[in-house]
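# Summary of the model geometry
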Amino acid sequence: MSKILEDDAELLAHAADVFKPIELPVSRRTVSNRLVKAPLYEHFTALWDGVPNDFIFKLYAKWGAGHWGAILTGNVQVDRRHVTFGRDMVVPEVLTPDAIAPWRRLADAIHTGRASPSNDGNTDLDAHAALGRPLALIQLSHAGRQSLNILGGRAAFESPLAPSPVRSGSAHANKDGLFSLAVHKLLHQEPQEMTHDDIKTVVAGFVRGAQLAVQSGFDGVQIHAAHGYLVSQFINPKSNIRTDEYSAETDPLHFLRDIVYAIRAQGVVPEDFVVAIKLNSADYSRDNAQPHENRALDHVREIGNWGLVDFIEVSGGDYEDPQFIDSVQHFKSPRQVIFEAFSERSMEVLAGASTATGRAPPLICLTGGLNTLPKMSSVLKHNHAHLLGIGRSAIIRPLLPVELHRALQARASGDSTNTFLMSEPPVLSEDGLGERPRALISWRSLERLVYYLLSLVWAVVPARIPRIVGAGGNVNWHNIVMRRIAAEEPEPADYTLSTIGATIRFYCTPYPPAEGDRGRWWMFAGLLGVAIGVGLGQVV
């Protein structure tokens, strides 16, 4: 193994800061280390069921065994009629003991690293108890206009609710071609503008989600105000053209403020309950977007002034411009990660700010591109964030905190050859075909050949794939890895699996496996053409 590079020596002097505990300002809960397993969409529940199942328990138990500082679930929808791809977890409509039971088991899996009370789980748990128990947070969301036709939980072509009747995808209607526009019109219906009663109902759904977290043993919630979902839709002028008190021009945070104040209202949640926000920085992550950045920093400042939020996670993008799932970003510095500049300015805005409650302002969690120790150390050294949100690397290495702690101990003992997390992880092949299989004669080789031939055909098709589709193959590959983790496979990350193949498996394979083989082949035949088109969006 190669030795650690000399120019990383200064950064590694700050590597131990990754494991320094930090106190959250409102709940006063302690995050045992700075590594946060960021929210990741699982796509694991039975279709339109919304209930956590054994596969979700096993997946989160694996992360729990990694001793992360905090573990956030993927987006849990507060309205079962406004989900995304049909397999989202959903807050129960009535919080009965039976409805709460699977959520309690999920919280236990995160806290203990065991998928069930009778499961001995990871035998290494006690050895790393000093790393602390992770905080468990439910990410609460409402898809709004991004809730897909039929899969979103409504009848075919029934309009979803949104701040304004602005269809998702309309911003690029004249840019991406007729095919892209047709796909958006099929998947996304023109939404129905929400009435004040609708708004009150959705706010009550977020409150019910917080109460579910309390009653099932979670430590808090994160409100999803990013990626173009409903809360973000209220904030963004391109999706909110209202002229009342919920206008994006005059009071863009009104809806979010309603939710936060309702959750923090007396008697709703305990004082030590964590409330976090995922905020969208998509419009100001580029150098030429200064006006948008200033607007977003005003949002950070206002949220900080409430004195009710423990931390803000910086993220960005939506289904029209999916930066949050598009890993192809270009930066001036090799260690400048996605959204880091905005995170740095947010830290400056909140430093020493006064709040309405007298509590300290929220911490900042930076998510995006933190896949090496030098990057993590750089963020903490330069005070660009308090917490480090880890997404795809948490899938590739679910036990990352434990493994990193061991590596730092080895280096402290003089092992200069230990290079764990010192270099970038393998990159998925740009051609969408995956790494060459080890065996020339194998099913994987045949699959690769078929996809290659299909890509040649697709290359001459005069149609542009929608943005969300073109960026989705990478996400689908990581989703298949999550399935393999839940199946307890010894090497879940298989780089010979193509993003094209992963996408076809994502859409065409019945999951969870308990749904059985019934309908597998007619489903595969019916969706194959569509899925291939979706998958090949990466290579054109």
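Before any of the text, the structure's been laid out above.
Residues numbered from 1 in each chain as written. Predicted model: local features only at pLDDT ≥ 70, side-chain atom pairs only at ≥ 80, totals over all residues. Heavy atoms only, no water.

## A look at the packing of helix H3 (residues 97–112) against helix H5 (residues 196–216)
Between H3 and H5, the least distance of the axes is 8 Å, while the angle of their chain directions is 65°. Judged by the inter-axis angle, H3 sits roughly perpendicular to H5. Crossing of H3 against H5: the hand is right-handed. Facing Ile100, Trp103, Arg104 and Ala107 of H3, the residues of H5 in contact are Leu212, Gln215 and Ser216. (Axes fitted to C-alpha atoms, helices over the stretch in contact; angles between N-to-C directions. Helix = DSSP H or I, 4+ residues; strand = E, 2+ residues; numbered from the N terminus. Parallel < 35°, antiparallel > 145°, perpendicular 65-115°, else oblique. Left-handed = near helix turned anticlockwise from the far one by under 90°. Contact = heavy atoms within 4.5 Å.)

## Section: the packing of H5 against helix H7 (residues 254–263)
Viewed as axis vectors pointing N to C, H5 and H7 meet at an angle of 40°, and their least axial separation amounts to 9 Å. The orientation of H5 relative to H7 falls into the category oblique. The handedness of the crossing between H5 and H7 is right-handed. Counted together, Ile199, Val202, Val203, Phe206, Val207 and Ala210 of H5 and Phe255, Asp258, Ile259, Ala262 and Ile263 of H7 form the full contact between these two elements. Among the residues forming the contact of H5 with H7, the class breakdown is 10 nonpolar, no polar and one charged. (Nonpolar A, V, L, I, M, F, W, Y, C, P; charged D, E, K, R; others polar.)

## Description of the pairing of strand S6 (residues 135–141)
By the criterion of burial, S6 is predominantly enclosed, with seven of the seven residues buried. Burial along S6 is two-sided: Leu135, Leu137, Gln139 and Ser141 and Ala136, Ile138 and Leu140, pointing in opposite directions, are all buried. As paired strands, strand S4 (residues 70–77) and S6 are joined by six bridges and run parallel to one another. Paired with Leu72 across the bridge in S6 is Leu137. Of the pairings in the sheet, the one linking S6 to strand S9 (residues 220–225) comprises four bridges and is parallel in character. The residue bridging Leu137 from the neighbouring strand is Gly220, located in S9. (Buried < 20%, exposed > 50% of the residue type's maximum accessible area, 1.4 Å probe, protein only. Pairing = 2+ DSSP bridges.)

## Description of the side chain of His384
With respect to the helices and strands, His384 occurs in the loop between helix H10 (373–381) and strand S13 (387–390). Leave out the neighbours within four places in its chain, and His384 touches Glu340, Ser343, Glu344, Met347, Ile364 and Val379.

## A look at the pattern of salt bridges
A complete count under the given rule lists 15 salt bridges for this structure. The partner of Arg484 in a salt bridge is Glu489, and the shortest N-O contact between them spans 3.2 Å. Look at Glu489 and you get partly exposed, because its relative accessible area is 33%. Three or more residues joined by partner-sharing salt bridges are found here, namely Asp251, Arg257 and Glu302. (Salt bridge = Lys/Arg side-chain N within 4 Å of Asp/Glu carboxyl O.)

## Observations concerning the pairing of S4
With eight of its eight residues buried, S4 lies for the most part within the structure. Note: strand S3 (residues 35–37) against S4, two bridges, orientation parallel. By the bridge assignment for S4, Val36 is matched with Ala70.

## A look at helix H12 (residues 400–412)
With 13 residues, H12 extends 18 Å from end C-alpha to end C-alpha; this agrees with the ideal 18 Å at 1.5 Å per step. When we look at burial in H12, the residues that qualify are Leu400, Pro401, Val402, Leu404, Ala407, Leu408 and Arg411. Trailing H12 by a residue or two, Gly414 shows a phi angle of about 100°, which is positive. (Expected span 1.5 Å × (residues − 1).)

## Re a nonpolar patch on the surface
Nonpolar side chains collect at one region of the surface, where Trp443, Leu446, Leu449, Val450, Tyr452, Leu453 and Leu456 lie side by side and expose about 740 Å² of accessible area between them. Within the secondary structure layout, Leu446 lies in helix H13 (residues 443–458). Overall, the relative accessible area of 41% leaves Leu446 in the partly exposed class. (Patch = residues over 30% accessible without salt bridge, like charges linked within 9 Å, V, L, I, M, F, W, Y side chains within 5 Å. Areas by Shrake-Rupley, 256 points an atom, 1.4 Å probe, with all protein chains shown as cover.)

## Some words on the environment of His111
Along the polypeptide, His111 turns up in helix H3. For the pair His111 and Tyr60, spaced 51 residues apart in sequence, the C-alpha to C-alpha distance is 9.3 Å. In contact with His111, other than residues within four places in its own chain, are Arg133, Pro134, Ala136, Gly217 and Asp219. Within the structure, the side chain of His111 is placed 2.7 Å from the side chain of Asp219, a separation counted as a polar contact. (Polar contact = N/O pair within 3.5 Å; in protein donor to acceptor, adjacent residues only side chain to side chain.)

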